[in-house]
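Structural description and commentary
Chain by chain, the residues:
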Amino acid sequence: MDGALSLPTIQITVEELYEKVKPQLEMFKENGGVTLSGGEALLQKDEVRKFLLLCKKDGISTCIESSFTRPTTAYESVKDYVDYWLAGLRDVSFGQGNLDNSKNIIRNIKTVSKHCKKIYARYPLIAARTTEDEHLIRFASIMKQTGITDVEILRCNPNMNLFYKLAGIPSQLDQESSIPTDMQFKKACDFFKSQNFTV
């Protein structure tokens, strides 16, 4: 594919990537830092670790967004170099996985929690998928078990179907029925506040 929708990728080393982004990182050094996300950044844990080491050497604040479903060794390998974590616990909020998966998520969050400044939970709010009480309760349970106190509620992206279409991937959600109402958003906010979480 060529044109506006192509993805012109190149293969470079971690050091080369760092040198490319270092000017921007230096610019935001006082009031920000770098967030590694994906997909799942820790699918490339060795490269992520190298990148984080370069950031820490230059005094740059670091953050990783993760589902916390990777093997615990992935989190152990980077835990000393990450200041903040964003816990995108989609498996928990959608009710996917099993008890072993939940135990793994809890173990991984506890592994990093002793070494970072803060962990923020990210709750994807999707009508008919994560707006029911059972989803909110399950998510809050993981937060309580891991000591996470702050949650960001993310409304379903109204442009999601466009992104799927452009990527050539069929969407599993109907866009019209997936966008939460203001009432559903308020219900989620009120629920987390009632559980003494910061929203």
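Residues numbered from 1 in each chain as written. Predicted model: local features only at pLDDT ≥ 70, side-chain atom pairs only at ≥ 80, totals over all residues. Heavy atoms only, no water.

1. Considering the sheet that holds strand E4 (residues 118-125)
- Read from one edge to the other, the open sheet built from 5 strands follows the order E1-E2-E3-E4-E5, with strand pairing classed as parallel. The sheet is open, and its two edges are formed by strand E1 (33-36) and strand E5 (150-155), each paired on a single side. With direction set aside, neighbouring strand axes in the sheet form an average angle of 20°.
- Its contacts with the sheet put helix H9 (residues 182-194) on E4 and E5, and the angle it makes with E5 is roughly 170°. (Pairing = 2+ DSSP bridges. Helix = DSSP H or I, 4+ residues; strand = E, 2+ residues; numbered from the N terminus. Axes fitted to C-alpha atoms, helices over the stretch in contact; angles between N-to-C directions. Contact = heavy atoms within 4.5 Å.)

2. As for helix H2 (residues 45-57)
- Counted at 1.5 Å a residue, the expected span for H2 with its 13 residues is 18 Å, and the 18 Å between its end C-alpha atoms agrees.
- Restricting attention to buried positions, one finds in H2 the residues Val48, Phe51, Leu52, Leu54 and Cys55. In an axial view of H2, the angular spread of the buried residues amounts to 160°, which keeps them on one side of the axis.
- Looking at the buried side of H2, the elements it contacts are helix H1 (14-27), E1, strand E2 (61-66) and helix H3 (72-78).
- Taken from the residues just after H2, glycine 59 is the one with a positive phi, measuring 75°. (Expected span 1.5 Å × (residues − 1). Buried < 20%, exposed > 50% of the residue type's maximum accessible area, 1.4 Å probe, protein only. Arc of directions from axis to C-beta.)

3. Structural notes on the nonpolar core
- Counting 46 residues, the largest nonpolar core has Ile64, Phe68, Trp85, Leu89, Phe139 and Phe192 as its most contacted members.
- Sequence-distant contacts of tryptophan 85, defined by excluding residues within four places in its chain, comprise Leu42, Cys63, Ile64, Ser66, Phe68, Tyr75, Val78, Val112, Cys116, Lys118, Ile119 and Tyr120. (Core = buried A, V, L, I, M, F, W, Y, C linked by side-chain atoms within 4.5 Å.)

4. Focus on the environment of isoleucine 148
- Tracing the chain through its elements places isoleucine 148 in the loop between helix H6 (133-146) and E5.
- A relative accessible area of 4% means that isoleucine 148 is categorised as buried.
- Separated by 38 residues in the primary sequence, isoleucine 148 and lysine 110 place their C-alpha atoms 9.8 Å from one another.
- Setting aside its immediate chain neighbours within four residues, isoleucine 148 contacts Ala87, Ile109, Ile119, Tyr120, Ala121, Met143 and Phe197.

5. Side note on the layout of surface pockets
- Here the second largest pocket defines a volume of roughly 370 Å³.
- Lining of the second largest pocket is provided by 14 residues; of these, Leu17, Leu36, Gln44, Glu47 and Val48 occupy positions nearest its centre.
- Those elements that place two or more of their residues in the lining of the second largest pocket are H1, E1 and H2. (1 Å grid on protein atoms, 1.4 Å probe; cavity = no way out; pocket = protein on both sides within 12 Å on 5 of 7 lines; lining within 4 Å. Points joined across faces, edges and corners; volume = space filled by probe spheres on them.)

6. Some remarks on the pattern of salt bridges
- As enumerated under the stated definition, the model contains 12 salt bridges in all.
- Between glutamate 26 and lysine 29 there is a salt bridge whose closest N-O contact spans 3.7 Å. (Salt bridge = Lys/Arg side-chain N within 4 Å of Asp/Glu carboxyl O.)

7. A word on the side chain of glutamate 40
- You can see glutamate 40 is positioned in the loop between E1 and H2.
- Salt bridges are absent for the buried glutamate 40, whose nearest opposite-charge side chain, arginine 70, sits at 5.8 Å.
- Within the local environment of glutamate 40, its side chain forms a polar contact with the side chain of serine 66, the two groups lying 3.0 Å apart.
- Residues within four places of glutamate 40 in sequence aside, it is in contact with Glu65, Ser66, Ser67, Phe68, Arg70 and Tyr75. (Lys, Arg positive; Asp, Glu negative; His and termini not counted. Polar contact = N/O pair within 3.5 Å; in protein donor to acceptor, adjacent residues only side chain to side chain.)

8. A look at the packing of aromatic side chains
- Summed over all chains, the structure comprises 9 aromatic pairs.
- Centre to centre, the rings of tyrosine 18 and phenylalanine 51 are 5.6 Å apart; their planes meet at 75°, and the pair counts as edge-to-face. On the criterion of sequence distance, the pair formed by tyrosine 18 in helix H1 and phenylalanine 51 in helix H2 is long-range, its members being 33 residues apart. In this structure, tyrosine 18 and phenylalanine 51 share a single accessibility class: buried.
- Chaining the aromatic ring pairs together yields one cluster made of Tyr123, Phe139, Phe191, Phe192 and Phe197.
- The positively charged end of arginine 155 is found above the aromatic ring belonging to phenylalanine 185, 4.1 Å away from the centroid. (Phe/Tyr/Trp six-rings, centres within 6.5 Å; stacked < 30°, edge-to-face > 60°. Lys NZ or Arg CZ within 6 Å of the ring centre and 35° of its normal.)

Without other data, these values stay purely geometric and don't point to any function.
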